[in-house]
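Results of the structural survey
Spelled out from the first residue to the last, the chains are:
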Amino acid sequence: MLTRKSKLVLTKIFSFFSVIRGYNIWVVALAQYLSAIFILAPEKRALDIILDWRLFLIVVASTLTIASGYIINNFYDAKKDLINRPKKAMIDRLVSQETKLKVYFGINFIVALLMFFISWRAVLFFSTYIFLIWFYSHKLKKMFLIGNITAAVLAVLPFFGILMYYKNFYHVIFAHATFLLLLILIRELIKDLENIEGDLIADYKTIPVVFGEKMAKSIISVLTISTLIPVYFLIEVYDVGYMDIYFYLSLIGLLFFALLLWKATSKTEYLRLHFLLKFIIVSGVFCIVLIEPSVLIHGKKLISIY
């Protein structure tokens, strides 16, 4: 039987897990490893990549930086979240603002310390990344269009950290990054439609607030059509193995998304569209293995040998 104190501690741990959105962070770590194995360093053995301690530190630093980003974003959005996400906001408030800031600075210090073991370039990259996340949460998020673009770029930036580590600037990598960037940008605009009430009160200059829902839907539709460009290159120009199945299915999913978009009018309907985009993005992470499925089999053999 748990004591009252134990229950309080567990509740606060759950609250902090909600603040840093721990359910998202593990997906980023997995995506970084799969990207390294199948896209960024295809010439290397899978086992060598998995056992690379430098890559491990970069992935840890990325996940910690993202976690600290969620903390500082939650810190600045506390009032707005009470309107847009009242249930989540009440859970998040179980951890004080002071505690959030202490953990935020503590995490960032750990990230800088870890990167000293890699190189001064890694320290500079992650220091810049941390600053940009703070600046986005503090200032840029409220700015028209800039906030959306910055959020999308920040979401993709951890993968460029690994790209710089391997120094393999293949064109196919930028095609993948463009597709992901467009999906995240579309998701950011959907979130703006979903949170329009809180944004109005908090004076956030989002596209739905400035130009209205119809204009926002038109821009989202254009961005959705634009995903055809990187998908064409990924399917027709570059060799992505069996992952082309994912891209075909993604286009079908995005067509379905576009049809539902123009019918959506309520917060609940926008939330469903948000989850549909999230499903497409997360599915893409797991489907990276389709580029070369045999790597999984060879990886198991190599691990069993050792």
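Because the structure is a prediction, the values reported are computed rather than measured.

It is worth spelling out the packing of aromatic side chains at this point. A ring pair, where both rings are aromatic, is described by two values, the distance of the centres and the angle of the planes. Scanning the entire structure with this criterion turns up 15 aromatic pairs. Taking the centre distance of 5.2 Å and the plane angle of 70° together, the rings of Y104 and F105 count as edge-to-face. Look at Y232 and F233: their rings are 5.6 Å apart centre to centre, the planes differ by 80°, and that puts the pair in the edge-to-face class. Residue classification places Y232 among the partly exposed positions, given a relative accessible area of 48%. Three or more aromatic residues joined by ring pairs make a cluster, and in this case those are F125, F126 and Y129.

Here the structure, examined in full by the defined rule, presents four salt bridges. The salt bridge partner of K102 is E98, with a shortest N-O separation of 3.3 Å. A residue pair is termed a helical-turn pair when its members lie 3 or 4 positions apart in one helix, as K102 and E98 do in helix α7 (residues 97-115) at four residues. Assessed through its relative accessible area of 53%, E98 is described here as exposed. Residue E188 is joined to R187 by a salt bridge in which the shortest nitrogen-to-oxygen separation is 3.9 Å. Overall, E188 belongs to the buried group, its relative accessible area being 8%. You can call R187 buried: its relative accessible area is 18%. Among the ionic contacts, a cluster of salt bridges with common partners joins R187, E188 and K191.

What follows deals with the nonpolar core. M115 and F247 are the most contacted members of the largest nonpolar core, which has 87 residues in total. Per-element tally for this core: the top contributor is helix α10 (residues 171-194), with 13 residues. Not counting residues up to four positions away in its chain, the partners in contact with M115 are L57, I58, A61, A122, V123 and F126.

To continue, consider the confidence of the model for the chain. On average, residues of the chain score 85 in pLDDT, and 83% of them reach the 70 mark or higher. Confidence over residues 300-306 falls short of pLDDT 50; this stretch has five contacts with residues more than four positions distant or in other chains.

Another point: the environment of I66. If you trace the backbone, I66 turns up in helix α4 (residues 53-76). The buried category is assigned to I66, whose relative accessible area is 13%. For the pair I66 and I130, spaced 64 residues apart in sequence, the C-alpha to C-alpha distance is 8.6 Å.

Once that is clear, we can look at the packing of α4 against α7. Where α4 contacts α7, the axes come no closer than 9 Å and their chain directions differ by 155°. With respect to α7, the axis of α4 lies roughly antiparallel. Two packed elements cross with a definite hand, and for α4 against α7 that hand is left-handed. Mapping the contact onto sequence places L57, I58, V60, A61, L64, T65, S68, I71, I72, N74 and F75 in α4 and Q97, K100, L101, V103, Y104, I107, N108, I110, V111, L114 and M115 in α7. Across the contact of α4 with α7, the residue classes tally to 16 nonpolar, five polar and one charged.

So, about helix α14 (residues 228-237). In an α-helix, one full turn covers 3.6 residues, which means residues spaced three or four apart are oriented alike. Among the residues making up α14, those that are buried are P230, V231, L234 and I235. Projected down its long axis, α14 shows its buried positions confined to an angular sector of 125°, all on one face. Turned more than 90 degrees from where α14 packs its buried face, I229 and E236 sit exposed. Check the buried side of α14 and you find it contacts α10, α13 (213-226) and α15 (244-261).

The terminal C-alpha atoms of α15 lie 25 Å apart, and with 18 residues this matches the ideal 26 Å at 1.5 Å per residue to within 8%. Among the residues making up α15, those that are buried are Y246, F247, S250, G253, L254, F257 and L261. Buried residues of α15, seen end-on, are gathered within an arc of 120° and therefore sit on one face of the element. In α15, the exposed residues that point more than 90 degrees away from the buried face are L249, I252, L255 and L259. Where the residues of α15 are buried, they touch α10, α13, α14 and α16 (267-286).

We now examine unusual backbone geometry. Even without glycine at this site, L145 takes up a positive phi of about 65°. Considering the arrangement of structural elements, one finds L145 in the loop between α8 (120-138) and α9 (146-166).

Mapped onto the elements, N74 comes out in helix α4. There is a polar contact of 2.6 Å between the side chain of N74 and the side chain of K100.

Relative to the elements of secondary structure, H274 occurs in helix α16. Side chain to side chain, H274 and E194 meet in a polar contact 3.2 Å long. When residues no more than four places from it in sequence are discounted, the contact partners of H274 are R187, I190, K191 and E194.

About the thresholds
- Residues numbered from 1 in each chain as written.
- Predicted model: local features only at pLDDT ≥ 70, side-chain atom pairs only at ≥ 80, totals over all residues.
- Heavy atoms only, no water.
- Phe/Tyr/Trp six-rings, centres within 6.5 Å; stacked < 30°, edge-to-face > 60°.
- Buried < 20%, exposed > 50% of the residue type's maximum accessible area, 1.4 Å probe, protein only.
- Salt bridge = Lys/Arg side-chain N within 4 Å of Asp/Glu carboxyl O.
- Helix = DSSP H or I, 4+ residues; strand = E, 2+ residues; numbered from the N terminus.
- Core = buried A, V, L, I, M, F, W, Y, C linked by side-chain atoms within 4.5 Å.
- Contact = heavy atoms within 4.5 Å.
- pLDDT = per-residue confidence, 0-100.
- Axes fitted to C-alpha atoms, helices over the stretch in contact; angles between N-to-C directions.
- Parallel < 35°, antiparallel > 145°, perpendicular 65-115°, else oblique.
- Left-handed = near helix turned anticlockwise from the far one by under 90°.
- Nonpolar A, V, L, I, M, F, W, Y, C, P; charged D, E, K, R; others polar.
- Arc of directions from axis to C-beta.
- Expected span 1.5 Å × (residues − 1).
- Polar contact = N/O pair within 3.5 Å; in protein donor to acceptor, adjacent residues only side chain to side chain.

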